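Remarks on the overall topology
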Amino acid sequence: MSPPPPPLGRARKRDAQLFDPALCDAELVDVRSQFTQGRWSKARSLLVTTGDDWDRRGHRVVVLAETPAATAWAREWLLAEPESADAATLLACAAVFTALRRKGAPAAAEEACRRAAALLPADPTPWLGLLLLSRAFGTEEEFSRHFDQVRARHREHHHAHHLMVARLAERTPASGHDPLHEVYDFAAWAAEESPADSPLAVLPVIAHAERYRVLAATHGHTFGNAAQHWSGRRARQVLRSAFDWWLEWEREDHPRNRVDLNFLAHAKLCEGRPAEAAALFHRIGSHATPAPWSYPDLDPHKAFLAARRTALGTA
């Protein structure tokens, strides 16, 4: 059972930190600030110490790779250490984000990811890069193949499962509120296949949120009437199970746990349970994530702050 949440306190400077992709990884925040100034030796040490904690490695590489100067500094690192799998992986993921910003060629990013994958075959991170790339540019077959490659290396890969759920949720938008949609079955299967303490226990909630994103964009739903999507029997069961899992396990040690908490807090508000959402907001603190607060087309900053005020009774 989790201890009572700490007092949230005054907003002060906390809101300025919202939506930092590093989340609660303070070590990563420090290394990133040095990496953006060209001091890549700290990034090197960080990735070495991360080792084969694949979720944490993926999280850290992605955050570093998203920085504007990542390509230049990762290339400099690779020139200094041509056999470094860490440098090659960081450079490859930087190329992915350059392509996603439409400033680089997807084919070049794909080639870089494959080179990095060859240097450290056990690492799912280059395949995560390919998964992100195929999410934007690839076919369904390519996306599924890359997901299988990630999962073959780390069966519980958090980021990869979230990407797969988002992709599956976009299928057959015209079918509406179908409780038998394949995204729900996939999320339930992944959760059941995982150990009891795995954060993938929350994946069925992610599936409902991602399907809501698609349905809201297609059928014109708004955040205000989102409760309709969460009123079904399956949705209620999913939310109760996920919240109970959080109370028992919490997994504060997981690098992406705040992603799950944001989705769960959003869902609890949509379900009409602000007291439970309030407990989650206490744990989230300043570590908000754009999704799902931006769903379907909201300003995530305003939506998060409004939701938090509603849950905490300070609106």
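**As for the nonpolar core**
Leu90, Val165, Val205, Trp246, Leu264, Phe281 and Phe304 are the most contacted members of the largest nonpolar core, which has 91 residues in total. It is helix 5 (residues 85-100) that contributes the most residues to this core, 10 residues altogether. Those residues within four positions of Leu264 in sequence are excluded, and the remaining contacts are Val205, Leu239, Ala242, Phe243, Trp246 and Leu280.

**Let's talk about the confidence of the model for the protein chain**
With 92% of its residues at a pLDDT of at least 70, the protein chain reaches an overall mean of 92. Segment residues 1-12 is flagged for pLDDT under 50; beyond a separation of four residues in sequence, or across chains, it makes 21 contacts in the model.

**Some details on the packing of aromatic side chains**
Summed over the entire model, instances satisfying the criterion amount to 8 aromatic pairs. Taken together, a centroid distance of 5.9 Å and an interplanar angle of 70° make the contact between Phe147 and Phe186 edge-to-face. Pair noted here: Phe147 is in helix 8 (residues 140-153) and Phe186 is in helix 10 (residues 182-193), with a separation of 39 residues, a long-range link. For Phe147, a relative accessible area of 3% corresponds to the buried category. Residue classification places Phe186 among the buried positions, given a relative accessible area of 15%. Through pairs of rings, three or more aromatic residues link up here, namely Phe147, Phe186 and Trp189. Seen from the ring of Phe143, Arg167 lies directly overhead, with NZ or CZ sitting 4.8 Å from the centre. One cation-aromatic arrangement involves Arg213 over Tyr295; the distance from NZ or CZ to the ring centre is 5.7 Å.

**Section: the environment of Ala278**
Inspection of the secondary structure puts Ala278 in helix 14 (residues 274-284). Along the sequence, Ala278 and Arg309 sit 31 residues apart, while their C-alpha atoms lie 9.1 Å from each other. Sequence-distant contacts of Ala278, defined by excluding residues within four places in its chain, comprise Ala311 and Leu312.

Quick notes on the rules
- Residues numbered from 1 in each chain as written.
- Predicted model: local features only at pLDDT ≥ 70, side-chain atom pairs only at ≥ 80, totals over all residues.
- Heavy atoms only, no water.
- Core = buried A, V, L, I, M, F, W, Y, C linked by side-chain atoms within 4.5 Å.
- Buried < 20%, exposed > 50% of the residue type's maximum accessible area, 1.4 Å probe, protein only.
- Helix = DSSP H or I, 4+ residues; strand = E, 2+ residues; numbered from the N terminus.
- Contact = heavy atoms within 4.5 Å.
- pLDDT = per-residue confidence, 0-100.
- Phe/Tyr/Trp six-rings, centres within 6.5 Å; stacked < 30°, edge-to-face > 60°.
- Lys NZ or Arg CZ within 6 Å of the ring centre and 35° of its normal.

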